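Residue-level structural notes
Chain residues, written in single-letter form:
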Amino acid sequence: MLTPDSHISIGGSHMIIREWRGRASSPQADVYPKHFREKVIPELSRVAGFAGAQLSRRQLNDKIEFLVLTRWRSMDAIRAFAGKDVEQAVVEPAAVAALIEFDSRVRHYEVVEDV
């Protein structure tokens, strides 16, 4: 279980995955990825302990669902980004405008294997 002070060691490095999902209408499918590239990644890159991100998408009926996986070195690093309630999603106004629905809460996973 992840605690506020969790530090996960994988071959000498710490890693936690933060998972979040948002959905857009098909005609707006390119708006969120542009926001992610131009705004989210530059801001996350300035947070100590941020270790990378992945944006994926899939067709979900008449919507596009985006899956955002960010990698962090510790829960302290996540707290520096997200605040005290680390499971509260951080969704900027531009992302809200690009999406028709999104998760208000995120999930955290300890990396067990990284191949």
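This text goes with the structure placed above it.
As a starting point, this report considers the structure included with it.

**Some remarks on the packing of aromatic side chains**
Evaluation of the coordinates by the stated rule reveals six aromatic pairs. Here Tyr32 and Phe36 contribute two aromatic rings whose centre-to-centre distance is 6.2 Å and whose plane-to-plane angle is 45°, an arrangement assigned as tilted. Of the two residues, Tyr32 and Phe36 are both situated in helix 1 (residues 31-45); the distance of four residues between them amounts to about one turn of the helix. The class of Phe36 is buried, set by a relative accessible area of 6%. Their ring planes at 45° and their centres at 5.4 Å tell us that Tyr32 and Phe66 sit as a pair that is tilted. Note that Tyr32 is positioned in helix 1 and Phe66 in strand 3 (residues 63-72), a separation of 34 residues in sequence. There is no split in this pair, since Tyr32 and Phe66 are both buried. An aromatic cluster is built from Trp20, Tyr32, Phe36, Phe66 and Phe102, whose rings are joined through pairwise contacts.

**Considerations on the environment of Ala89**
Topologically, Ala89 is positioned in the loop between helix 2 (75-82) and helix 3 (93-98). Sequence separation between Ala89 and Glu19 is 70 residues; the distance between their C-alpha atoms is 9.5 Å. Aside from chain neighbours lying at most four places away, what touches Ala89 is Arg18, Trp20, Asp103, Ser104, Arg105 and Val106.

**Thoughts on the pairing of strand 3**
The pairing of strand 1 (residues 16-25) with strand 3 spans 10 bridges and is classified as antiparallel. By the bridge assignment, Arg18 is partnered in strand 3 with Thr70. The turn joining strand 2 (residues 50-60) and strand 3, which pair antiparallel and follow one another in sequence, is formed by two residues; a positive phi near 55° is taken by Asn61.

Rules behind the numbers
- Residues numbered from 1 in each chain as written.
- Predicted model: local features only at pLDDT ≥ 70, side-chain atom pairs only at ≥ 80, totals over all residues.
- Heavy atoms only, no water.
- Phe/Tyr/Trp six-rings, centres within 6.5 Å; stacked < 30°, edge-to-face > 60°.
- Helix = DSSP H or I, 4+ residues; strand = E, 2+ residues; numbered from the N terminus.
- Buried < 20%, exposed > 50% of the residue type's maximum accessible area, 1.4 Å probe, protein only.
- Contact = heavy atoms within 4.5 Å.
- Pairing = 2+ DSSP bridges.

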